[in-house]
Amino acid sequence: MNRMKETRVYKQVNGCSIHADIYDQGAGSPVVIYIHGGALIFGSRVWFPAEQIKLFNDAGFSVVNIDYRLAPETAFEQIIEDIKDALTWVRTEAKQWYDFDSDHIAVMGGSAGGFLSLLTGTMDVKPKAIVSFYGYGDILGDWLAKSSDFYCRKPLINKMKALAAVSHTETTNGEWERYSYYLYCRQQGVWLQEVAGIDHKMDRQALSPYIPILNVSEDFPPTLLLHGDQDTDVPYEQSVLMHEKLKEEGVYSKLITIEGADHVFDQHFQNPVVQQAFTEVVYFLKKHLR
């Protein structure tokens, strides 16, 4: 049974309405909450490809596709609060409209959405399963704290141009113009300072609660990690390290390596290798959302 999309506000704060698109598959259907990527700076829920939504709906999963407030207008900790509030909304208020099974939730996302998905595994109330597409478990590494060789090969963005791409008003609408701000952050190695408001050398302790790999416990949800081994944005090693840490703590984890693939490989949905990966994602979800 495929139902039409419904859009609702799951949170209102500081004059900002934060929306979710709901694709309810009816009574007893488990839920996949999707979190978009964009380095916490750009992107929105409209990035979730329609063919992926259809895949999960056809497999019997309801989908809740969420927005969240973006940096730098919104503080790092408050962005994470949005994710917590989205999960709470699905478990509580959404029940007045939808018949899905809010006790059986998986959280899934790509890149920064993968990071936020992994972070839900460290929260007090955890999902039943996590799927991370080319996400990251450690934001203290040199890959973010130093200039990116890959991004430095692109035209350099000065700070004035970067700041012109963002505003002073909280927003969930991450238009592509905001990419200039991200490019500046990666070229200068200042993502942590600009987005998290943290000096990674001086304030590691303050940031540590928001580092998934530092907060893995034995009750972390079963996790599926998918990553291209030629990723030019988020190093493949980020998923390898997270996979090893989960196994070390006795948590079920599987890493699917997409050989030769770059970032956002899942956008090539018709590629047979990608199709096989999604078959494994559906199998994983069905297994752990019983």
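Scroll up to find the structure this text is about.
Residues take numbers from 1 onward in each chain, read along the sequence in its written order. Where totals are concerned, whole chains, interfaces and linings use all residues; where local detail is concerned, this predicted model gives features only for residues with pLDDT of at least 70, and gives and counts side-chain atom pairs only at 80 or more. To get the side-chain values, take all heavy atoms of the structure and skip hydrogens and water.

(A) The arrangement of the overall build of the protein chain in detail. When you go through the protein chain residue by residue, the secondary structure sums to eleven helices and eight strands. The C-alpha atoms of the protein chain give 18 Å as radius of gyration, which agrees with the globular expectation for 290 residues (19 Å, within 12%). Seen along its three principal axes, the alpha-carbon backbone of the protein chain occupies a region of about 50 × 40 × 40 Å. For the exposure calls, accessible area comes from a 1.4 Å probe over protein chains only, and a residue counts as buried if that area is under 20% of its type's maximum, exposed if over 50%, partly exposed in between. The buried share of the protein chain, taken over its 290 residues, is 57%. Taking the intrachain contacts of the protein chain between residues at least 6 apart in sequence as the baseline, contacts between residues at least 24 apart amount to 74%. Across the protein chain, the 27 positively charged side chains and the 38 negatively charged ones have centroids separated by 1 Å. Per the convention used, a helix needs a DSSP run of H or I reaching at least four residues, while a strand needs a run of E reaching at least two, with both numbered from the N terminus. With C-alpha atoms as the basis for the radius of gyration, the globule rule is written as 2.2 Å multiplied by the number of residues raised to the power 0.38. Two residues qualify as a contact provided that any one of their heavy atoms is within 4.5 Å of a heavy atom in the partner residue. Counting rule for charge: Lys and Arg are taken as positive, Asp and Glu as negative, and neither His nor the chain ends is counted. Here the site of a charge means atom NZ of a Lys, CZ of an Arg, CG of an Asp or CD of a Glu.

(B) How the structure looks around the packing of helix H2 (residues 76-91) against helix H3 (residues 112-120). One can describe the packing of H2 onto H3 by two numbers: an axis separation of 11 Å at closest approach and a directional angle of 65°. In this view, H2 runs roughly perpendicular relative to H3, as classed from their interaxial angle. Along this stretch, H2 crosses H3, giving a crossing that reads as right-handed. Of the residues in H3, those in contact with Phe 76, Ile 80, Ile 83 and Leu 87 of H2 are Phe 115, Leu 116, Leu 119 and Thr 120. Note on residue categories: nonpolar means Ala, Val, Leu, Ile, Met, Phe, Trp, Tyr, Cys or Pro, charged means Asp, Glu, Lys or Arg, and polar means any other residue, Gly included. Residues that form the contact of H2 with H3 fall into these classes: seven nonpolar, one polar and no charged. Convention adopted: a line fitted to C-alpha atoms gives each axis, helices being fitted over their contacting stretch, and angles between N-to-C directions are expressed from 0 to 180 degrees. An angle counts as roughly parallel when it lies under 35 degrees, as roughly antiparallel when it exceeds 145, as roughly perpendicular when it falls between 65 and 115, and as oblique in every other case. It is the rotation of the near helix from the far one that decides the hand of a crossing: anticlockwise by less than a right angle makes it left-handed, clockwise makes it right-handed.

(C) Representation of the packing of aromatic side chains. Here a pair means two rings of Phe, Tyr or Trp (six-membered ring of Trp) with centres within 6.5 Å. Their orientation is stacked below 30 degrees between planes, edge-to-face above 60, and tilted elsewhere. Under the counting rule described, the total for this entry stands at 25 aromatic pairs. Summarising the aromatic geometry, the rings of Phe 133 and Phe 265 are spaced 6.2 Å apart at their centres and angled 45° between planes, so their arrangement reads as tilted. Here Phe 265 lies in the loop between strand E8 (253-258) and helix H11 (272-288) and Phe 133 lies in strand E6 (residues 129-133), a separation of 132 residues in the sequence. The exposure classification of Phe 133 matches that of Phe 265, with both residues buried. On the numbers, 5.0 Å between centres and 65° between planes, the contact of Tyr 136 with Trp 143 is edge-to-face. Within the aromatic cluster, the residues linked to one another by ring pairs are Phe 42, Trp 47, Phe 150, Tyr 151, Trp 176, Tyr 179 and Tyr 182. Each ring is checked for a lysine NZ or an arginine CZ that lies within 6 Å of its centre and within 35 degrees of its normal; such an atom marks a charge sitting over the ring. For Arg 8, the ring lying beneath its charged end belongs to Trp 97, and the centroid distance is 4.0 Å. Taking the ring centre of Tyr 252 as reference, the NZ or CZ of Lys 287 above it sits at 4.9 Å.

(D) Structural context of the environment of Gln 187. Note that Gln 187 resides in helix H7 (residues 179-188). A relative accessible area of 2% places Gln 187 in the buried class. A C-alpha to C-alpha distance of 25 Å links Gln 187 and Ser 132, two positions 55 residues apart in sequence. Among the polar contacts made by the side chain of Gln 187, one reaches the main-chain carbonyl oxygen of Tyr 151 at a distance of 3.0 Å. Side-chain polar atoms of Gln 187 contact the backbone oxygen of Pro 155, separated by 3.1 Å. Polar contact criterion, stated in full: a pair of N or O atoms within 3.5 Å, where within protein one must be able to donate a hydrogen and the other to accept it, and residues adjacent in sequence count only if both atoms are side-chain atoms.

(E) Quick look at H3. Of all nine residues that make up H3, nine are buried, and the element is covered over most of its length. The secondary structure elements touched by the buried residues of H3 are strand E3 (31-35), H2, strand E5 (105-110), E6, strand E7 (223-228) and helix H10 (237-248).

(F) Highlighting the pattern of salt bridges. By salt bridge we mean one thing: a side-chain nitrogen of Lys or Arg within 4 Å of a carboxyl oxygen of Asp or Glu. All told, the structure shown has 16 salt bridges when counted by the stated rule. When the shortest N-O distance is used, the salt bridge between Lys 146 and Asp 142 registers 3.5 Å. Overall, Asp 142 belongs to the partly exposed group, its relative accessible area being 47%. As a salt-bridge pair, Asp 233 and Arg 186 come within 3.2 Å of each other at their nearest N and O atoms.

(G) Layout of the side chain of Ser 44. Its location among the elements puts Ser 44 in the loop between E3 and helix H1 (50-58). With a relative accessible area of 8%, Ser 44 lands in the buried category.

(H) Seen up close, H7. With respect to burial, H7 is a largely interior element, eight of its ten residues being buried. All of the buried residues in H7 are Ser 180, Tyr 181, Tyr 182, Leu 183, Tyr 184, Cys 185, Arg 186 and Gln 187. The elements touched by buried residues of H7 are helix H4 (142-145), helix H5 (149-152), helix H6 (159-164) and helix H8 (191-196). Looking one or two residues beyond H7, the residue adopting positive phi is Gly 189, at roughly 65°.

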